[in-house]
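Chain and residue survey
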Amino acid sequence: MSRLVRAGAMALACLLIAAGTAFAAFPADPPNDPDYASAEGGPADCLTKSADAEQHELYDFMPQCTKLATDPEGASGMSVNKAWRDFTAGSGATTIAYVEGGINWHAGDAAELADRVYLNAGELPPPTTPVNDGVLSAKDYADTPDANANGVVDPEDIIKRFSDGRDDDHNGYTDDISGWDFYDHQNDPATIDSAYDHANSQEKQAAAEADNGVEGAGICPRCRVLPIKAGAEALDRTDDLAQAWLYAADMRADVLVSVTADLGYSSFMRQAVEDMWKR
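Below is a summary of the structure that appears in this document. Values in this document were obtained by computation on a predicted structure and should not be read as measured data.

**A short note on the environment of Y247**
Its place among the elements puts Y247 in helix α6 (residues 238–250). Taking the C-alpha atoms as reference points, Y247 and N171, separated by 76 residues in sequence, lie 9.5 Å from one another. Once residues lying within four places of it in the same chain are set aside, the contact partners of Y247 are N171, Y173, D176, G179, W180, F182, L226 and I228.

Written out as structure tokens, the structure is:
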């Protein structure tokens with residue numbers, strides 16, 4: 001082989017390697033969300049940024065700005081970034097039921113959660129703007145008016161648009177298009193106080209959109225969240241909480257997260273817990 005041919009082959013190989021690196025994307029590469037690893041650039045970042053402001057609970061490494069921190073496995077967190085890379089970033093077929101104070105559709109949170117929050121196909125018409133990605137989400141109804149004026153088409157807008165007073169899926173919950181409110185017994189699981197952000201923060205921790213350049217990344221960023229409101233905040237009547245858990249099971253949620261304080265422990269709640277274990 002001539003020198004020219006060898007040089008050309010080496011150049012092509014280098015080009016392919018560079019292209020592979022350039023075009024690698026999440027989950028093989030870290031997500032581009034600004035809160036994910038804001039202090040992991042150059043050493044000078046440690047002068048102005050704190051590792052506490054990063055999502056170090058997801059890392060399989062030690063943050064560069066915590067020089068004295070140690071860990072037997074060399075990880076500051078749960079190695080979620082490694083799980084994303086080596087296994088999966090989740091699937092829209094996996095639903096996480098989140099039981100607490102509901103959900104708020106603030107503008108920033110809407111960008112993180114709008115397409116990650118569960119929609120009930122049994123209460124909806126076929127998609128009006130189908131994306132055909134195998135997951136029913138707000139993107140499939142992108143022509144929906146922005147009823148809550150947050151600049152994003154989200155499940156609350158879809159609830160507003162398609163609630164028709166009929167229990168189309170015959171599950172006993174009329175128009176449960178995206179979760180249910182067991183506190184006020186209605187189909188929009190919005191929080192009582194728009195300033196209450198604990199439920200939103202936990203839902204984002206579970207499944208916020210990753211690699212969208214907004215805020216941080218969820219632990220399972222391709223999973224779906226089913227918001228179920230059991231109380232005004234995290235305090236709940238025991239019968240409301242029991243109904244919320246049973247609803248999660250009826251909707252075939254794969255995971256139940258209940259960040260709640262049960263005001264009592266009724267026999268109904270005990271039966272609900274036993275039923276959940278059986279299922």
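**Considerations on empty space enclosed by the protein**
Scanning the entire structure with this criterion turns up 1 cavity of 30 Å³ or more. By volume, the largest cavity amounts to about 40 Å³. Lining of the largest cavity is provided by I103, W105, P155, E156, I159, S178, D188, P189 and P227. For the lining of the largest cavity, the element with the most residues is helix α4 (residues 155–162), which contributes 3 residues. Residue classes in the lining of the largest cavity are distributed as 6 nonpolar, 1 polar and 2 charged.

**Re the sheet that holds strand β2 (residues 180–181)**
Taken in spatial order, the 4 strands line up as β2-β3-β1-β5 in an open sheet, and their pairing is parallel. Strands with a single pairing partner mark the edges of an open sheet, and in this sheet they are β2 and β5 (255–258). Of the strand pairs in this sheet, β2 and strand β3 (residues 224–229) are connected by 2 bridges, and their pairing is parallel. Bridged to W180 within β3 is I228. Packed on one face of the sheet, helix α5 (residues 198–207) meets β1 (95–100) and β3 and runs near 165 degrees to β1.

**Regarding the state of the cysteines**
For the structure shown, the criterion picks out 2 disulfides. Between the sulfur of C46 and that of C65 lies a disulfide, 2.0 Å long from S to S. Since a negative S-S torsion denotes a left-handed disulfide, the C46-C65 link at about -85 degrees is left-handed. Residue C46 is located in the loop between α1 (3–23) and α2 (80–86), and its partner C65 is located in the loop between α1 and α2; the two are separated by 19 residues in the primary sequence. For C46, a relative accessible area of 31% gives the class partly exposed. Exposure remark for C65: the relative accessible area of 22% places this residue in the partly exposed category. The partner cysteine of C220 in its disulfide is C223, sulfur to sulfur 1.9 Å. Judged on exposure class, the residue C220 and its partner C223 are both buried. In the protein, the bonded cysteines, taken in the order they occur along the sequence, pair up as 1-2, 3-4.

**Let's talk about the packing of α6 against helix α7 (residues 267–278)**
Close contact between α6 and α7 brings their axes to 9 Å; oriented N to C, the two are set at 20 degrees. By the angle between their directions, the pair α6 and α7 is classed as roughly parallel. For the pair α6 and α7, the crossing hand works out as left-handed. Counting all contacts with α6, which are made through T238, D239, L241, A242, Q243, W245, L246 and A249, the residues of α7 involved are F268, M269, A272, V273, D275 and M276. Split into classes, the residues belonging to the contact of α6 with α7 amount to 10 nonpolar, 2 polar and 2 charged.

**Side note on the pattern of salt bridges**
Pairing between side chains of opposite charge can happen when their charged atoms approach one another. In total, this model carries 16 salt bridges according to the counting rule given. As a salt-bridge pair, D164 and R166 come within 3.0 Å of each other at their nearest N and O atoms. Exposure remark for D164: the relative accessible area of 34% places this residue in the partly exposed category. Between K229 and D184 there is a salt bridge, and its shortest N-O distance comes to 3.7 Å. One end of the pair, K229, is in strand β3; the other, D184, is in the loop between β2 and α5, and 45 residues separate them in sequence. Classification of K229 as buried rests on a relative accessible area of 1%. Owing to a relative accessible area of 41%, D184 belongs among the partly exposed residues under this scheme. Several salt bridges converge on common partners, so that one network encompasses D109, K204 and E215.

Thresholds applied
Residues numbered from 1 in each chain as written. Predicted model: local features only at pLDDT ≥ 70, side-chain atom pairs only at ≥ 80, totals over all residues. Heavy atoms only, no water. Helix = DSSP H or I, 4+ residues; strand = E, 2+ residues; numbered from the N terminus. Contact = heavy atoms within 4.5 Å. 1 Å grid on protein atoms, 1.4 Å probe; cavity = no way out; pocket = protein on both sides within 12 Å on 5 of 7 lines; lining within 4 Å. Points joined across faces, edges and corners; volume = space filled by probe spheres on them. Nonpolar A, V, L, I, M, F, W, Y, C, P; charged D, E, K, R; others polar. Pairing = 2+ DSSP bridges. Axes fitted to C-alpha atoms, helices over the stretch in contact; angles between N-to-C directions. Disulfide = S-S within 2.5 Å. Buried < 20%, exposed > 50% of the residue type's maximum accessible area, 1.4 Å probe, protein only. Parallel < 35°, antiparallel > 145°, perpendicular 65-115°, else oblique. Left-handed = near helix turned anticlockwise from the far one by under 90°. Salt bridge = Lys/Arg side-chain N within 4 Å of Asp/Glu carboxyl O.

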